[in-house]
Amino acid sequence: MSKADDHIVILTGAGISAESGLGTFRDVGGLWSRYDWRDLATPEGFARDPGFVLAFYNWRRERVRAARPNPAHEALARLQRHWPGRVTLITQNVDDLHEQAGSEDVIHMHGNHLGALCAACGHRWPAPEAMAAADPCPACARPATRPDVVWFGETPCHMDRIGAALATARLFVSIGTSGTVCPAAGFAALARKSGARTLELNLGRSENTDHFDEARHGPATDLVPAWVTALLG
Ligand code: OAD
């Protein structure tokens, strides 16, 4: 088997963007230790108080717009450019730092902060600077504008494509994710079952470190460029 036949599947989480200044969810001081996810990341929370939810995402979108990719995002873009085989990049992140670093065809399984979605008709359009509860949908005019992100209880995007990629992976690499949110938390086990070697690159042990053949612990900006350099030789 040559390198050209090798399919690498990479899953990233909030930890890869932490050193770009975007907070994670479950670390000490993380978003879900300061806010209740039931209020901010569920359709029910949005129905209860759309103004509060939109204000939170307006704040996060502003932070995403100001953030720049770090050496870990850049290393993955370099891998995609130079690896002779296939590289599938799946992210749980709703920022665009992989794209800013030059990655292409990034699978955003939890949606994207820079998109708007009509909760009434499903129309999608680029997010304005700020969203308000009274904003009409450009397609159906109903005031149901929400961020185009996946909330708890909703189905993640592109699951068919992800399933197909995991089935043919030779190497599965998880970067900067706590391994607590399904279905992403199950990807390592699925890839392993299909015969892939599994590698975790994370600040510390994740919830599912045991599903990996190898785990390296440290900051993504150290681990990821070193791993990519070694792989590309
Ligand atoms: P978490 O906040 O749950 O986990 C982030 C992981 O990154 C932790 O294991 C940290 O140890 C690690 N980490 C932190 N800083 C790092 C660094 N500099 N280098 C490497 N690793 C670092 O974030 P996710 O696993 O991405 O979903 O969270 C999964 C989902 O839960 C999110 O997509 C979001 C959230 O609720 C929805 O909103 C649907």
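To be clear, the structure that these remarks concern was listed above.
Residues numbered from 1 in each chain as written. Predicted model: local features only at pLDDT ≥ 70, side-chain atom pairs only at ≥ 80, totals over all residues. Heavy atoms only, no water.

Caption draft 1: Focus on the overall build of the chain. Helices and strands together make up the secondary structure of the chain, namely 10 helices and 9 strands. A compact globule built from 233 residues should have a C-alpha radius of gyration of about 17 Å, and the chain, at 18 Å, falls within 12% of that. Considered along the principal axes of its C-alpha atoms, the chain spans approximately 55 × 35 × 30 Å. For the chain, the residues scored as buried account for 49% of the 233 residues in total. Within the chain, contacts between residues separated by at least 24 positions form 64% of all contacts whose residues are at least 6 apart in sequence. (Helix = DSSP H or I, 4+ residues; strand = E, 2+ residues; numbered from the N terminus. Rg over C-alpha atoms; globule rule 2.2 N^0.38 Å. Buried < 20%, exposed > 50% of the residue type's maximum accessible area, 1.4 Å probe, protein only. Contact = heavy atoms within 4.5 Å.)

Caption draft 2: Broad picture of the side chain of His 7. For His 7, the position within the fold is in strand E1 (residues 7–12). In this structure the side chain of His 7 is engaged in a polar contact, spanning 2.9 Å, whose partner is the side chain of Thr 168. Those residues in contact with His 7 that sit more than four places away from it in its chain are Arg 86, Thr 88, Ala 165, Thr 168, Ala 169, Arg 170 and Leu 171. (Polar contact = N/O pair within 3.5 Å; in protein donor to acceptor, adjacent residues only side chain to side chain.)

Caption draft 3: Here's a closer look at the site of the ligand. As a matter of local geometry, the ligand sits amid 23 residues, with Ala 14, Phe 25, Arg 26, Thr 177 and Ser 178 nearest to it. Between an oxygen atom of the ligand and a side-chain N or O atom of Thr 177, the distance comes to 2.7 Å. A distance of 2.6 Å separates an oxygen atom of the ligand from a polar side-chain atom of Ser 178. A total of 790 Å² of accessible area belongs to the ligand in isolation, and the protein chains cover 93% of it. (Near = heavy atom within 4 Å. Areas by Shrake-Rupley, 256 points an atom, 1.4 Å probe, with all protein chains shown as cover.)

Caption draft 4: Geometry of empty space enclosed by the protein. For the structure on display, the rule yields 1 cavity of 30 Å³ or more. Of the volumes computed, that of the largest cavity is approximately 80 Å³. In this structure, the largest cavity is lined by 15 residues; those nearest its centre are Thr 177, Gly 179, Ala 184, Ala 185 and Asn 208. Taken together, the residues of the lining of the largest cavity sort by class into 7 nonpolar, 7 polar and 1 charged. (1 Å grid on protein atoms, 1.4 Å probe; cavity = no way out; pocket = protein on both sides within 12 Å on 5 of 7 lines; lining within 4 Å. Points joined across faces, edges and corners; volume = space filled by probe spheres on them. Nonpolar A, V, L, I, M, F, W, Y, C, P; charged D, E, K, R; others polar.)

Caption draft 5: Looking closely at the packing of helix H6 (residues 71–82) against helix H10 (residues 220–232). With their axes 8 Å apart at the nearest point, H6 and H10 run at an angle of 20° to one another. With respect to H10, the axis of H6 lies roughly parallel. You can see that H6 and H10 cross each other, and the crossing is left-handed. Contacts from Pro 71, Ala 72, Ala 75, Leu 76, Arg 78, Leu 79 and His 82 of H6 reach H10 at Ala 220, Thr 221, Val 224, Pro 225, Trp 227, Val 228, Thr 229, Leu 231 and Leu 232. By residue class, the composition of the contact of H6 with H10 is 12 nonpolar, 3 polar and 1 charged. (Axes fitted to C-alpha atoms, helices over the stretch in contact; angles between N-to-C directions. Parallel < 35°, antiparallel > 145°, perpendicular 65-115°, else oblique. Left-handed = near helix turned anticlockwise from the far one by under 90°.)

Caption draft 6: Main features of helix H8 (residues 159–168). Taken residue by residue, H8 has Ile 162, Ala 165 and Leu 166 as its buried positions. Each buried residue of H8 sits inside an arc of 100° when the element is viewed along its axis, so together they form one side. On its buried side, H8 packs onto E1, strand E2 (86–91), strand E3 (107–108), strand E7 (171–175) and helix H9 (187–193). (Arc of directions from axis to C-beta.)

Caption draft 7: The arrangement of the environment of Gly 45 in detail. Residue placement: Gly 45 occurs in helix H4 (residues 43–48). Note: C-alpha distance between Gly 45 and Gly 21 (24 residues apart in sequence) is 26 Å. With sequence-adjacent residues up to four places away left out, Gly 45 is seen in contact with Arg 38, Asp 39 and Val 53.

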